[in-house]
Amino acid sequence: MADKKKGAAGIVIRPLKRTGRQVVRTLLEGKPNTILYPEQKLALPAVYRGKHTLDFKRCIGCGNCVQICPNDCMWMEKLEDPELGKIERPGIDMGRCLFCGFCVEVCPTGALHEGPEFELASGDRSKIK
């Protein structure tokens, strides 16, 4: 690689030329490179790994998902269900989850899924789950 001169041309003028080209290109195309997030949302791919969902009827409480979790963000909760009685189902701490998908892959019944929802932040503490 050739050494580039670090004079005024390398420090100031070249970045300004690059920025100017980008501004002109954006004005000619008529669309910005970014989106206004809360109002506009990108279309997510079908294999996007977002917030977890659990189908309680399909889950057998085996605990494979808890054992394979690399961040130890899952645990087995003892619950009382009116139809199923006393059961154990996995709980997930979304703040520690790295969304690797191991728990979904190891589930023998396919009860655990990762949906398209990704908005985990909120201005109201009671809305965060």
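Let us look at the structure shown here. (Residues numbered from 1 in each chain as written. Predicted model: local features only at pLDDT ≥ 70, side-chain atom pairs only at ≥ 80, totals over all residues. Heavy atoms only, no water.)

Below, the discussion takes up the nonpolar core. It is characteristic of soluble globular proteins that their nonpolar side chains tend to be buried jointly. Ranked by size, the top nonpolar core spans 12 residues in total: Cys 59, Cys 65, Cys 69, Cys 73, Met 74, Met 94, Cys 97, Phe 99, Cys 103, Cys 107, Ala 111 and Leu 112. Once you skip the residues sitting within four places of it in the chain, Phe 99 turns out to touch Arg 49, Gly 50, Lys 51, His 52, Met 94, Glu 114 and Leu 120. (Core = buried A, V, L, I, M, F, W, Y, C linked by side-chain atoms within 4.5 Å. Buried < 20%, exposed > 50% of the residue type's maximum accessible area, 1.4 Å probe, protein only. Contact = heavy atoms within 4.5 Å.)

Size it by volume and the largest pocket reaches roughly 220 Å³. Considering the residues around the largest pocket, the lining is formed by 15 residues, among which His 52, Pro 90, Gly 91, Ile 92 and Met 94 are closest to the centre. Ranked by residue count, the leading element in the lining of the largest pocket is strand E3 (residues 85–92), at 4 residues. Of the residues assigned to the lining of the largest pocket, the class counts are 7 nonpolar, 3 polar and 5 charged. (1 Å grid on protein atoms, 1.4 Å probe; cavity = no way out; pocket = protein on both sides within 12 Å on 5 of 7 lines; lining within 4 Å. Points joined across faces, edges and corners; volume = space filled by probe spheres on them. Helix = DSSP H or I, 4+ residues; strand = E, 2+ residues; numbered from the N terminus. Nonpolar A, V, L, I, M, F, W, Y, C, P; charged D, E, K, R; others polar.)

Attention now goes to the packing of aromatic side chains. A full pass over the atoms with the stated rule returns 2 aromatic pairs. Both rings, one in Tyr 37 and one in Phe 118, keep their centres 6.4 Å apart while their planes meet at 50°; by these two values the pair is tilted. You can see Tyr 37 sitting in the loop between helix H1 (8–29) and strand E1 (52–54) and its partner Phe 118 sitting in the segment after strand E4 (112–114), a full 81 residues away along the chain. Using a relative accessible area of 37% as the deciding quantity, one classes Tyr 37 as partly exposed. Centroid distance Tyr 48 to Phe 118: 6.1 Å. Interplanar angle 75°. Geometry classified as edge-to-face. Here Tyr 48 is found in the loop between H1 and E1, whereas its partner Phe 118 is found in the segment after E4, with 70 residues between them in sequence. Classification of Phe 118 as partly exposed rests on a relative accessible area of 35%. Taken together, the ring pairs in this structure connect Tyr 37, Tyr 48 and Phe 118 into an aromatic cluster. (Phe/Tyr/Trp six-rings, centres within 6.5 Å; stacked < 30°, edge-to-face > 60°.)

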